[in-house]
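Each chain is listed here by its residues.
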Amino acid sequence: MSQPFARLGHIPSARELIEIAFGRASRSQKKIPRGPLEIRIRAKERDRVRIASRELAIRLKRIVARFPDLASLHPFYRELADVLVNLDELKKALGALSKASRLIKILGRSYLIKLRRAKTVREMGLLRREAYGRMASVVQRISGHLDFLRKAVSRLARLPSIDPEAPTIVVAGYANVGKSSLVKAISSAKPDVASYPFTTKDIVIGHKETPHGRIQIIDTPGLLDRPLSKRNRIELQAILALKHLAKTIIFLIDPTSTCGYPLENQLNLLKEVEKSFSSVPLIVAINKADIATEEQVKAVENALGRRLHVISALRGDGIQELMEKAIRALFGQEKRLKPNDAQG
């Protein structure tokens, strides 16, 4: 499924809108009725005002209509959109465009009436120019909102396409512990790779068919891979958004420290993730069984006081058992384990 801001398209500037509307009005090919000069000029000037007001009002209305209903957005996307562009400012900008569209309609109708009553060719020309000026002024007043929306669209378009309603497993752990390898190993097909505006890395999204239906498995590089205490406000809010998405978390530990991070650091991160996602089932697994020694595996298990899943995302060792447990947790068939509970 596409993310809700994927197809917003180009947001024109105030100048672009004015040039398009008035340009189309001036090029109107509508047949002018025969008769005295006043009748022909009145028809021409009324046609210009009608087209210009219609073009501006409709184009502004269409820009607003392209955006999803912000109130009905899934909390995951609402949180992320708020981080990127500030939803209050977005609502304000869209409201300004809607108001401008209505005002331009009113102006158009008003000047059409005035043109119908105009007595001279000169008066008709003056009224048309006055109508153009007032409509252009309305558009110019919202130029800042149009500029804001153009920047907002470029940011919102970078959000990943994730189905927030799908049962989702989020894979956490320090960088280079094998998270992406695990997502690839357990996915039914080649995982999708999408940009994530809060990090310099891409997010990896895999899918797997289960007896309960299709699930998502997501690696979020740059988010759940280093201490939360070192995060800025934007990163923290992006992490909080994951609470609306993650239904189960698999936390990977590299006992060999070849990932570049000591075991102590990895265990501290585990504690932070457990605390931040206390209501989400969390399964801890030791990766890199293909190179880890028995002593290194025991060191992790002794530190946590329980048996852990030992896997090799590279070779596929233990992955089936890990996924069976994760799927049971995902669909509420497994009681959430406390830190000191035994884990098979």
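Everything below is about the structure shown above.
The structure contained in this document is the topic of the report that follows.

As for the overall build of the protein
Part 1: Tallying secondary structure elements over the protein gives eleven helices and seven strands in all.
Part 2: Over its C-alpha atoms the protein spans a radius of gyration of 30 Å, topping by over 25% the 20 Å that the globule rule assigns to 344 residues.
Part 3: C-alpha extents for the protein along the principal axes are approximately 100 × 40 × 30 Å.
Part 4: Scored against the burial criterion, the 344 residues of the protein give a buried share of 50%.
Part 5: Across the protein, the fraction of contacts at a sequence separation of at least 24, relative to all contacts at a separation of at least 6, is 74%.
Part 6: Here the protein has roughly 17200 Å² of accessible surface; of this, 50% comes from carbon and sulfur atoms.
Part 7: Side-chain charges of the protein comprise 62 positive and 35 negative groups, with the mean position of each set lying 15 Å from the other.

Quick look at the packing of aromatic side chains
Part 1: Applying the stated rule across the entire model yields three aromatic pairs.
Part 2: Geometrically, the ring pair formed by Phe 22 and Tyr 132 is stacked, given 4.1 Å between the ring centres and 5° between the ring planes. Pair noted here: Phe 22 is in helix α1 (residues 14–26) and Tyr 132 is in helix α5 (residues 121–141), with a separation of 110 residues, a long-range link. Each member of the pair, Phe 22 together with Tyr 132, is buried.
Part 3: A cation over a ring is seen here: Lys 114 above Tyr 111, with NZ or CZ 4.5 Å from the ring centre.
Part 4: The ring of Tyr 132 carries Arg 128 above its face, with NZ or CZ at 5.1 Å from the centroid.

What about helix α8 (residues 233–241)?
Part 1: Among the residues making up α8, those that are buried are Glu 235, Gln 237, Ala 238, Ile 239 and Ala 241.
Part 2: Residues of α8 that are buried make contact with α3 (75–85).
Part 3: For α8, the side-chain oxygen to backbone nitrogen distance between the N-cap and Ile 234 is 3.1 Å, and the N-cap itself is Asn 232.

Points about unusual backbone geometry
Part 1: Of note in the backbone geometry, Asn 176 takes a positive phi value of approximately 70° without being a glycine.
Part 2: Mapping Asn 176 onto the fold places it in the loop between β1 (168–172) and α7 (179–186).
Part 3: The backbone of Lys 288 shows a phi angle near 65°, a positive value even though the residue is not glycine.
Part 4: Relative to the assigned elements, Lys 288 resides in the loop between β6 (282–286) and α10 (294–304).

A few points about the environment of His 207
Part 1: Inspection of the secondary structure puts His 207 in strand β3 (residues 202–210).
Part 2: Separated by 27 residues in sequence, His 207 and Ile 234 place their C-alpha atoms 28 Å apart.
Part 3: Those residues within four positions of His 207 in sequence are excluded, and the remaining contacts are Ile 186, Ser 187, Ser 188, Ala 189, Asp 192, Arg 214, Ile 215, Gln 216 and Ile 217.

Regarding the pattern of salt bridges
Part 1: What the rule picks out here adds up to 15 salt bridges.
Part 2: For Arg 214, the salt bridge goes to Glu 209, with nearest N and O atoms at 3.4 Å.
Part 3: One salt-bridge network, held together by shared partners, links Arg 24, Glu 55 and Arg 59.

What about a positive patch on the surface?
Part 1: A grouping of Lys 99, Arg 102, Lys 114, Arg 134 and Arg 141 is seen on the molecular surface, where their side chains present a positively charged patch.
Part 2: Secondary structure elements with two or more residues in the positive patch: α4 (87–117) and α5.
Part 3: Here the positive patch takes three residues from α4, the largest share from any one element.
Part 4: With respect to the element layout, Arg 102 can be found in helix α4.
Part 5: When its relative accessible area of 51% is taken as the criterion, Arg 102 is described as exposed.

Some words on the sheet that holds strand β2 (residues 192–195)
Part 1: Read across the sheet, seven strands follow the order β2-β3-β4-β1-β5-β6-β7 without closing on themselves; strand pairing throughout is mixed. Two strands in the sheet have a free side with no partner beyond their single neighbour: β2 and β7 (309–310).
Part 2: Relative to β3, β2 runs antiparallel, the two being bridged by four bridges. Within β3, the residue paired with Ala 194 across the bridge is Ile 203.

The rules we used
Residues numbered from 1 in each chain as written. Predicted model: local features only at pLDDT ≥ 70, side-chain atom pairs only at ≥ 80, totals over all residues. Heavy atoms only, no water. Helix = DSSP H or I, 4+ residues; strand = E, 2+ residues; numbered from the N terminus. Rg over C-alpha atoms; globule rule 2.2 N^0.38 Å. Buried < 20%, exposed > 50% of the residue type's maximum accessible area, 1.4 Å probe, protein only. Contact = heavy atoms within 4.5 Å. Areas by Shrake-Rupley, 256 points an atom, 1.4 Å probe, with all protein chains shown as cover. Lys, Arg positive; Asp, Glu negative; His and termini not counted. Charge placed at Lys NZ, Arg CZ, Asp CG, Glu CD. Phe/Tyr/Trp six-rings, centres within 6.5 Å; stacked < 30°, edge-to-face > 60°. Lys NZ or Arg CZ within 6 Å of the ring centre and 35° of its normal. Polar contact = N/O pair within 3.5 Å; in protein donor to acceptor, adjacent residues only side chain to side chain. Salt bridge = Lys/Arg side-chain N within 4 Å of Asp/Glu carboxyl O. Patch = residues over 30% accessible without salt bridge, like charges linked within 9 Å, V, L, I, M, F, W, Y side chains within 5 Å. Pairing = 2+ DSSP bridges.

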